[in-house]
Amino acid sequence: MSAPERIPSRSVTTAELLARGELKVRGRIREASNAVLYCSVSYEGREVACVYKPVAGERPLWDFPDGTLAQREVAAYEVSQATGWGLVPTTVLRDGPYGEGMCQLWIESPAGQDGDGLLALVEGEEPAEGWKAIGFAEVGEGETALLVHADDVRLRRLAVLDAVINNADRKGGHLLPAGEGRLYGIDHGVTFNAENKLRTLLWGWAGEPLTAEALEVLASLRDALAPGAPLATRLAELVTTAETDATRARVEAMLVSGRHPEPSGEWPAIPWPPV
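These numbers were taken from a predicted model, which means no experiment stands behind them. (Residues numbered from 1 in each chain as written. Predicted model: local features only at pLDDT ≥ 70, side-chain atom pairs only at ≥ 80, totals over all residues. Heavy atoms only, no water.)

Our focus in this paragraph is the pairing of strand 4 (residues 91-96). Both strand 4 and strand 5 (residues 99-105) contribute to a ladder of six bridges, which runs antiparallel. By the bridge assignment for strand 5, Val92 is matched with Cys103. Hairpin connection from strand 4 to strand 5: two residues lie between these consecutive antiparallel strands. (Pairing = 2+ DSSP bridges. Helix = DSSP H or I, 4+ residues; strand = E, 2+ residues; numbered from the N terminus.)

Right, let's get into the pairing of strand 5. The side chains of a regular strand alternate between the sheet's two faces. Of the pairings in the sheet, the one linking strand 3 (residues 46-54) to strand 5 comprises five bridges and is antiparallel in character. Note on strand 5: the bridge partner recorded for Tyr52 is Cys103.

For the rest of this paragraph, the subject is the packing of aromatic side chains. Inspection of the entire model under this criterion finds one aromatic pair. Between Tyr38 and Trp106, the aromatic rings sit 4.7 Å apart at their centres with planes inclined by 80°, giving edge-to-face as the arrangement. Placement of Tyr38 in strand 2 (residues 37-43) and of Trp106 in the loop between strand 5 and strand 6 (119-122) is noted, with a sequence separation of 68 residues between them. Overall, Trp106 belongs to the partly exposed group, its relative accessible area being 23%. (Phe/Tyr/Trp six-rings, centres within 6.5 Å; stacked < 30°, edge-to-face > 60°. Buried < 20%, exposed > 50% of the residue type's maximum accessible area, 1.4 Å probe, protein only.)

Time to look at the packing of helix 4 (residues 212-224) against helix 6 (residues 241-257). Running from N to C, helix 4 and helix 6 cross one another at 140°; their axes reach a closest spacing of 9 Å. Crossing hand, helix 4 versus helix 6: left-handed. Mapping the contact onto sequence places Leu215, Leu218, Ala219, Leu221 and Arg222 in helix 4 and Val251, Glu252, Met254 and Leu255 in helix 6. Looking at the contact of helix 4 with helix 6 residue by residue, the classes come out as seven nonpolar, no polar and two charged. (Axes fitted to C-alpha atoms, helices over the stretch in contact; angles between N-to-C directions. Left-handed = near helix turned anticlockwise from the far one by under 90°. Contact = heavy atoms within 4.5 Å. Nonpolar A, V, L, I, M, F, W, Y, C, P; charged D, E, K, R; others polar.)

In this section: unusual backbone geometry. Backbone geometry at Glu180 places phi at a positive 60°, although glycine is not the residue there. Its place among the elements puts Glu180 in the loop between strand 9 (175-177) and strand 10 (183-185).

Let us look at the pattern of salt bridges. Evaluated as defined, the whole model comprises 15 salt bridges. The partner of Lys53 in a salt bridge is Glu73, with the nearest N and O atoms 2.8 Å apart. Placement of Lys53 in strand 3 and of Glu73 in helix 2 (residues 69-83) is noted, with a sequence separation of 20 residues between them. Overall, the relative accessible area of 15% leaves Lys53 in the buried class. A salt bridge links Asp169 to Lys171, with the shortest nitrogen-to-oxygen separation between them at 3.7 Å. Overall, the relative accessible area of 15% leaves Lys171 in the buried class. (Salt bridge = Lys/Arg side-chain N within 4 Å of Asp/Glu carboxyl O.)

As structure tokens, this is what we get:
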């Protein structure tokens, strides 16, 4: 389901539309763990579908401060924009029918492309060409299969972004293919913790050298996160000082090692459920 998009009377950016438009709740996404409302938002003759997650609908977590998940979603979008990869749909913080919350552009995946071709369960102990191993999964009583993800440049970029923002919940259902070969990641409420909490399905490149592109992006992020730089100033409005400092440290560590991070062994490496 998606709301119609009307021809604007003037140029209105998607961020402006989401932040200033009239927000109308159309339904609720019930499978989500927190309150997630499907909405339409209209402004200056333009209307799009969006997701609204009010702070009031967040369930408390033991390892994240109460009422901060919406800000973390916005922070993930800001970092994604700074990479130039555009991996997170446009996301803003705004007031809505149920108070302040996160508002994010709705991404409609083409029919039959909800993650198809990105994840798979296969027989054997080694992935086929074009695939990366994640680990073994139990598929029946006493039976296991190898869980794999595609060796896809879009996923690899997302793995780098997740490492930077310390994503504690990168599941298969959070991968949204879109038109023109685009891929988006969503659900970034449990990110930016100062402690290492990286949990993801995208471990296929763990320990491998980062691409030249990734190293260039990380170097740019290092500059953007310097104290007083615009991105650092924006993050300071959304997460704690310690979490901003930890983000800088993660970027620097990846630049020094030149490699994708590996599971720490101190925290479950794969989220549950994985999809």
